Amino acid sequence: MKNFIIYVKQLEKKPLIFSETLEKDIVEREKGLPYLTEDISMTGKAELVGKNLLVRCSIKTAYNTTCARCLDTAEKEFLTDDFLVNIEITNQDIIDLTGYIREDIILGLPAVSLCKKNCKGLCPSCGMNLNKGSCDCSGCGEENDRWSKLDDFDIR
Ligand SMILES: [Zn+2]
Ligand SMILES: [Zn+2]
């Protein structure tokens, strides 16, 4: 579906347990940024608490990104287990959650990604992708040491 709509009246009797899928196109594809490759699955619960609509769910999709080290493309999973919105209901009959979901995904997509945690990157001298083998030129050894320090950081 293109919009994730909650009907407030429907929640007056009991909470809604849902498992829905939003089209990946709700997150616009922008040049140079990661983009979604799978539709967005949401599983969770919507309920009224006093005058507020409370929605908790998990969000799962996948995105395609360019590795910052080797420039290869890589597909990675996007998973949030703790999406939460709390919206005050004044006199709305319906609440569209699409924008909230979109925002959560956009904020959650990493600006810098690696194809894998210990990507070896490109040889600075000859440009060979060192994940696919080593080259014969002299630049590679030192360069690998430099990257291996970065492996201690948790870059997704
Ligand atoms: Zn890489
Ligand atoms: Zn080389």
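Preceding this section is the structure that the text describes.
Keep in mind that what you see is a predicted model, and the values were worked out from it rather than measured.

1. Details of the overall build of the protein chain
A count of helices and strands for the protein chain gives two helices and seven strands. In the protein chain, the order of α-helices and β-strands from amino to carboxyl end is β-β-β-β-β-β-β-α-α. When burial is assessed residue by residue, the protein chain has 18% of its 156 residues classed as buried. Of all intrachain contacts in the protein chain linking residues separated by at least 6 positions in sequence, the fraction that spans at least 24 positions is 58%.

2. Overview of the nonpolar core
In terms of nonpolar packing, the biggest core is built from 17 residues, with Met42, Ile59 and Ile101 touching the most fellow members. Every element with two or more residues in this core is listed here: strand E4 (40–49), strand E5 (52–66) and helix H1 (98–108). Element by element, the count of residues in this core is highest for E5, at five residues. Membership of the second largest hydrophobic core comes to five residues, among which are Cys70, Cys115, Cys119 and Leu122.

3. Side note on the environment of serine 113
Looking at where serine 113 falls in the secondary structure, it is placed in the loop between H1 and helix H2 (140–150). Its 19 C-beta neighbours within 10 Å are what place serine 113 among the partly exposed residues. Counting along the chain gives 40 residues from serine 113 to threonine 73, while the straight-line C-alpha distance between them is 9.9 Å.

4. Considering the pairing of E4
Here strand E2 (residues 16–22) runs beside E4; their pairing, made up of seven bridges, is antiparallel. Bridging from a neighbouring strand, leucine 22 pairs with isoleucine 40 of E4. Bridge count for E4 against E5 is nine bridges, and the pairing is antiparallel. Each bridged residue has a counterpart across the sheet, and for glycine 44 the counterpart in E5 is cysteine 57.

5. Examining unusual backbone geometry
The phi torsion at leucine 71 lies on the positive side, around 70°, for a residue other than glycine. You can see leucine 71 is positioned in the loop between E5 and strand E6 (73–88). Leucine 71 gets classed as exposed once you count the C-beta atoms within 10 Å, which come to 12.

Criteria and cut-off values
Residues numbered from 1 in each chain as written. Chains lettered and ligands numbered in written order. Predicted model: local features only at pLDDT ≥ 70, side-chain atom pairs only at ≥ 80, totals over all residues. Helix = DSSP H or I, 4+ residues; strand = E, 2+ residues; numbered from the N terminus. Buried ≥ 20, exposed ≤ 12 C-beta atoms within 10 Å, placed from the backbone. Contact = placed C-beta atoms within 7 Å. Core = buried A, V, L, I, M, F, W, Y, C linked by C-beta atoms within 7 Å. Pairing = 2+ DSSP bridges.

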